[in-house]
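Residue-level structural notes
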Amino acid sequence: MNDNDRDPKPRIEIIPTTNPEQERSARRNTVWGRVWLALGISAGLFIGWVALPFFLYERQEQPLAFNHSVHTKDAGMACADCHGFKADGSFAGIPPTSSCVDCHSEAQGTSKAERRLVDEFVTPGVEIPWLVYARQPDNVYFSHAPHVRRAGIECRRCHGDQGLATATPVYQVNRISTYSRNIWGPRISGGGPNPWDSMKMSDCTDCHRERGVRDHCLMCHK
Amino acid sequence: METHSKATVAYAMVIDLDKCVGCGTCNVACAIENNVSVPPSEALENRGLTWMRTQRVDNGKAWPDHRTVTVPIPCQHCEHAPCIHVCPVTAVQLDESTGIIGQIPTRCMGCRYCMAACPYHARYFNWFDPTWPEGLQDTLNPDVAPRMRGVAEKCNFCHGRLDRARELAAAEGRPADEPVHYTPACAEACPHGAITFGNRLEEGGPIAALEKKPEAFLLLEALGTAPKVTYLSREPWIRRIGLSRLDRVRGHGDGPEGA
Amino acid sequence: MTLDLTRRSLLKFMGGAAVGSMLSPLPWKLLDDAAIWTQNWSWIARPPRGPVSHKYTTCQLCPIGCGMRARLIGASFVSAWPVAGHPAAGMLCPLGLAAAQMRYHPSRVRGVARRDRTGADPAWRIVDADATIGELGQRLAACRSRGAADSVAIVDLRPGRSMSRLYREFLARQGGGLYVTAPDGWQASAAAFAGLATVAALAPAPDPARARTVLNFGAPLTAGWRGHAITPHAAGGPLLIQVDPAASITAARADRWLPARPGSEAPVALALAHVLVFEALASDARVNALADLPHQNGSTLRMALADFAPERVAEVSGLTPAQLRDTARELAAGRPALVLGVGDAGGGPLGAEEEAAIWNLNLLLGAVGPDGALGVRPADTALFDEPAAPAARSLSDIPDGSLDVLLVDGSFPGAPVSAEQLRRKLRGAGGLLVALSPYAGGAAGTPADVVLPTFAPGEWVDDVPAPALSARASYAWATAVAVPAPFALHPAEWLARLEAASGLVVPVEGGKAGHEAELKRRAGVLQARGSGQVFDPADGNTTDVAAMSDPDMLAGALARGAHWSDKATLTLADRDLRPLGTDGAMAAHWRSLAGGRVEAAHTAGSAGSLVLMAGGGLAPTAGAITAPVLNKLYRESGLQPGSRQLAISATTALAHGLKEGAPALLTTPHGRRRVRVRFDNSLPPDVARLAAGPDPSDMGDPAASPDDRTDIPDLCGAADRPVWRLVRADLQEAHDGNA
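Quick caveat: nothing in here was measured; it's all calculated off a predicted structure.

**Observations concerning the overall build of chain C**
Check the secondary structure of chain C and you find 24 helices and 28 strands. Taking 27 Å as the expected radius of gyration for a compact globule of 739 residues, we find that chain C reaches 29 Å, a close match to that expectation. Seen through its principal axes, chain C has C-alpha atoms that stretch 130 × 65 × 55 Å. Here chain C displays about 25,600 Å² of accessible surface, and carbon together with sulfur accounts for 55% of that area. Side-chain charges of chain C comprise 69 positive and 71 negative groups, with the mean position of each set lying 5 Å from the other.

This is the structure we're talking about:
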């Protein structure tokens, strides 16, 4: 079967292969076929590697421009000053607005974001609807206490240099799974150059294996 | 090393049937703690989900010699659990560090082999999407993930509470291999103190002492499943209920057709 | 050279694209995301997220007032757990455990709801609140202006609270409306005791823990509802003698079981008293004085008991004379002894006659007073100096067809009241029954024409006075642990709006502020008394009130869920006691019950092959609103009998041609009800039992009309007679499959 099948008036006689015109045509067809194939492969690669992340993730802005660096570098605060443990051993995670009140009952500086923090959240006592980069599905159980308190793992190991950032990164939500891109990682193939770039189950189990922690489904699933 | 030594912890439960009055508090406490859904009203009674099933058994005699006993039956967390071996997708696991048989709903594919294998009828299947009346989602327990339609579920000795207890132990700087103590919802809620829960390997602990009492018995001991739930009764006829299979009876409630 | 697009090249392109994408993460990524997506379907419930905290409060769902630890996730009240060591009861029953769900009960009304019960469409509709309040206000004003204030009434299903005072003050300002209470079995028992003493405003405080012997008439003591669970004799508790027709769990666990026939409580108690008096077992001078104390009509207890020799009572009760004599001797020898009445409270109160006969045993056994097991404490009305006017009256005192506006307090979703009786009090078609209730169901919502939506349990501060028959005086607040529903109002606010609409000037301290002031006042009264202890559920510590220098300290503790209690302090002298009642009429009542309660009812014209007993369920009363999760007990497991399961022994059922689970029609002189047969061999022959409680076939269905069924109290004739726990009934197989 070849392109001659498409001839509107198919001839029954056998065409001599030595026909130079035919040979050229066949060669041209083969070349173009390869080009199409290559184009197809490139398109597939393009869709998979470039277009997919573009369409799969919706970019969302945080409700307030937060500058970690001002707090950690300029004000000299530690992570645990805001993201601390509570008496029952649970980790407070994103601090409630009430923890901002101590310093920001009134605006200290001139930034627009701080003005909004005071006017829209602190004064009326409203919680800031942060988009949480590390938010895990409901069936995942994760506790900070064994990792931070017992194993002494630094915040940076999983959360990276968030604490030094001057601006909140764009929150990219996966349109299908509804979780943040930070769970899968910046690379569409998963993960990234740094160990904190992704928070998939494989990241948990890899680290557990390295440290010789015995795994069991119910240990991390509820 | 963050490992749990398998020799130090095996959680177990002892239920004193002489104290149980069949009020159903354990059943309700369990459903509330573990986000066990209430099936829609058109559901047949035997498609309900009660991780802590409470079954009424009588001595077969007429009044005035009639006596009943109610037997709360959670998952028995067998040492040799038949459900583990029949699961084709490894959704059932024995955690050797706690002795708890875990059932992972997100892994389950709903074949229900485990339900057929369990001689205690301790597994339940989500025949319906787990739904709650409007607004009731707001009363769910975040420590336990709600399941979806088409998966099996069962008692896991309130693993969410164990997670909380472990978290506290870690936060207080206690070592990982130190056994943690916690109380499942049924044991906490039982108004008559009929349910004792603890680590059966703890030397001089309450479980070890109760399990050695002469009135202790197991359900279907002859099957060799080695359950971790032990029952107590001074009444010989009650102790004999462990010899035969307690079939899950259809509830006496009214069906959708009304009465 | 042309880039000619042939079919072949297109296929190649597509094939290439497929290969290319396979070389990219696309398929694996989409598979992974799709797998996670299946875990996030919108109909899979999402639990609330947030920090965990606990608040302490008091359960509001029955009068006992057990301590409750509310678990909160963020601001969401997710579950309730018992408070170990709480003085009221260190436990919760399934109703209390599910308290967090009560705010989301499907029958909760989300606005002022109204229905036309007689019209073609009796469904509830949300109507304009202001217009409804305006109409009700005009009715109140009209009643006032034509001098017919007694055509306005409020039914308070849990008297003795701060709201009770507000209801009374409201009625007084309306020119004297009627304040009505509907006592349950426990309150009726306490009232019967008060009827045997000449001292006003006292309450009996039986304490089984102080007794060596306890004789109990039918109450599920070892089943432990209402905080009265007692320690088994073997574990150092009292010797328990249970009088119970059924081989119940309490009967089986009691040290002695007297399987008396249903309705023979009074003859049995009087036969025991007969033995105590005539065998001189109660030989104390005080007891002989009581037995010979003459009354208005000249009769004495000794004369009244003469008819109740064990030999005669044996026929009525099914017990042998020897059993009765031995029991009396055991009681006399095992002093301090305590005799408890009440029976199964789910079946409504025992009669005042039965209760008086039972309390008399306590008088004869010398149980009353500091040496015995029966203490006496001041009633809550006396403790908190409640206004005496308008006086509390019972529903049966109000003439039928006399009320224009009947308000029913529904802050207690399960309360013992007959819907039919409430409806009968209304004036023809013109009367309106208005429920102040969160639900279009339950005691208040079921008979109502209008529901004014109030806060659900857990959303407001209600106070919990001492339960009837508790061993100690007590007081606690059911504090607010949940965010109040935006569509609901405080009952005191509704009262204030009604008052304003009726053309009266609402006092400055009216509405919610008035309620708060009354709560604070009560804390002040207790602090000023300086007696009793306060239990703090957060740390389990107990503090003496005397150590609290400031009323705000006590109010603050109550607001954090603390429980105040004080021992029973009153003492009664012989001259304060009237064994035949203060009017001396008890002897005549007892004679009428000599043949037992069933026979007394039988002569009233009913005939039937069965004796139907009401009660035996978990829910405190009939028609109670219960949390959706209780479906696990009522429908999924069948552990608790619902109000459509007729418990009956297999022999009796089969004699009626009915098998297990068979649909049947139960007919009494007062109504009919479709039931299903449930074999229960703990019941004696020819006795059936229908439990109070929710109907599992329509649990949580607000659309079900209340008119298509006769609820248990009305089936037993609660609208016609104060004691409705027993009735003659007939049972037939129901052939057709529908209503």
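After that view of the structure, there is still more to cover.
**Some remarks on the interface of chain C and chain B**
Taken together, the contact between chain C and chain B spans 70 residues of the former and 71 residues of the latter. Looking only at chain C, the three residues that lose the most surface to chain B are C:Y104, C:R635 and C:L639, adding up to 12% of its buried area. Put simply, chain C and chain B have two salt bridges between them. Linking B:D143 and C:R71 is a salt bridge whose minimum nitrogen-to-oxygen distance equals 2.8 Å. The tally of links between chain C and chain B comes to 15 residue pairs in polar contact (both at pLDDT 80 or more). Elements supplying a minimum of two residues to the side of chain C that touches chain B: β2 (67–73), β3 (76–82), α3 (94–97), α7 (249–253), α22 (631–636) and β26 (671–679) of chain C.

**Re the environment of C:A573**
All names here are of chain C. Secondary-structure assignment places A573 in the loop between β22 (563–567) and α20 (586–592). Note on A573: relative accessible area 25%, which makes it partly exposed. Residues A573 and R286, spaced 287 residues apart in sequence, show a C-alpha to C-alpha distance of 9.7 Å.

**Thoughts on the sheet that holds β2(C)**
All names here are of chain C. Reading across the sheet, the three strands line up as β1-β2-β3 and stay open at both edges, with antiparallel pairing between neighbours. Of all the strands in the sheet, the pair left with one neighbour each is β1 (52–58) and β3. With strand direction ignored, the average angle separating the axes of adjacent strands in the sheet is 30°.

**Details of the sheet that holds strand β1 (residues 11–16) of chain B**
Residue and element names in this part refer to chain B. Strand order in the open sheet formed by four strands is β8-β1-β10-β9, with mixed pairing between adjacent strands. In the strand order of this sheet, the two ends are held by β8 (195–199) and β9 (216–217), each with one partner. Bridge analysis of β9 against strand β10 (residues 229–232) gives two bridges, and the strand direction is antiparallel. Its bridge partner lying in β10, F217 is registered against Y231.

**Looking at the interface of chain A and chain C**
Contacts between chain A and chain C engage 35 residues on the former and 33 residues on the latter. Carbon and sulfur atoms make up 64% of the surface buried where chain A meets chain C, a total of about 2,900 Å² over both sides. By the criterion of area lost to chain C, the three top residues of chain A are A:W32, A:W36 and A:I176, representing 23% of everything that side buries. Residue C:R46 is joined to A:D138 by a salt bridge in which the shortest nitrogen-to-oxygen separation is 3.0 Å. Between the two partners, chain A and chain C, sit 13 residue pairs in polar contact (both at pLDDT 80 or more). Ranked by the residues each element gives to the side of chain A that touches chain C, the list is headed by helix α1 (residues 20–56) of chain A, at 16 residues. Across the side of chain A that touches chain C, the residue classes break down as 17 nonpolar, 10 polar and eight charged.

**Here's the deal with the domain arrangement of chain A**
It is common to report an interface's size as the accessible area lost on association of the parts. All names here are of chain A. Examined at the domain level, chain A breaks down into domain 1 (16–58), domain 2 (61–92 + 131–220) and domain 3 (95–129). One C-alpha centre belongs to domain 1, the other to domain 2, and the line joining them spans 43 Å. Counting from both sides, the interface comprises eight residues of domain 1 and, opposite them, 10 residues of domain 2. Summing the contributions of domain 1 and of domain 2, the shared interface buries around 900 Å²; its carbon and sulfur component is 61%. Three residues stand out in domain 1 for area buried against domain 2, namely L56, Y57 and E58, and they jointly supply 71% of the buried area on that side. On inspection of domain 1 and its partner domain 2, the count reaches one salt bridge. With a shortest N-O distance of 3.9 Å, R175 and E58 are connected by a salt bridge. There are three residue pairs in polar contact (both at pLDDT 80 or more) connecting domain 1 and domain 2.

**As for the pairing of strand β4 (residues 92–95) of chain B**
Residue and element names in this part refer to chain B. Inspection of the sheet shows β4 paired to strand β5 (residues 100–103) by four bridges, in the antiparallel sense. Note on β5: the bridge partner recorded for Q93 is G102. In sequence, β4 turns back onto β5 through a hairpin of four residues, with G99 there showing a positive phi of about 80°.

**So, the side chain of C:S76**
Residue position: C:S76 is located in strand β3. Given the relative accessible area of 11%, C:S76 is considered buried. In this structure the side chain of C:S76 is engaged in a polar contact, spanning 2.9 Å, whose partner is the side chain of B:D138. Beyond its immediate sequence surroundings of up to four residues, C:S76 is in contact with B:D138, C:P48 and C:R71.

**Topic: the nonpolar core**
If you look at the biggest cluster of nonpolar residues, it comprises 127 residues, and the most contacted ones within it are B:Y11, B:L17, B:F157, B:I195, B:Y231, C:L406 and C:V629. Sorting elements by how many residues they give to this core places helix α1 (residues 25–33) of chain B first, with six residues. In this structure, this core is formed jointly by two domains, domain 2 (113–184 + 382–567) and domain 4 (604–733) of chain C, each of which donates at least three residues. For B:L17, the contacting residues outside a window of four places in its chain are B:V69, B:T70, B:V71, B:P72, B:F217, B:Y231, B:L232, B:S233, B:I238, B:I241 and C:R253.

Parameters and conventions
Residues numbered from 1 in each chain as written. Chains lettered and ligands numbered in written order. Predicted model: local features only at pLDDT ≥ 70, side-chain atom pairs only at ≥ 80, totals over all residues. Heavy atoms only, no water. Helix = DSSP H or I, 4+ residues; strand = E, 2+ residues; numbered from the N terminus. Rg over C-alpha atoms; globule rule 2.2 N^0.38 Å. Areas by Shrake-Rupley, 256 points an atom, 1.4 Å probe, with all protein chains shown as cover. Lys, Arg positive; Asp, Glu negative; His and termini not counted. Charge placed at Lys NZ, Arg CZ, Asp CG, Glu CD. Contact = heavy atoms within 4.5 Å. Buried area = accessible area lost by both parts, 1.4 Å probe. Salt bridge = Lys/Arg side-chain N within 4 Å of Asp/Glu carboxyl O. Polar contact = N/O pair within 3.5 Å; in protein donor to acceptor, adjacent residues only side chain to side chain. Buried < 20%, exposed > 50% of the residue type's maximum accessible area, 1.4 Å probe, protein only. Pairing = 2+ DSSP bridges. Axes fitted to C-alpha atoms, helices over the stretch in contact; angles between N-to-C directions. Nonpolar A, V, L, I, M, F, W, Y, C, P; charged D, E, K, R; others polar. Domains from an automatic or database assignment. Core = buried A, V, L, I, M, F, W, Y, C linked by side-chain atoms within 4.5 Å.

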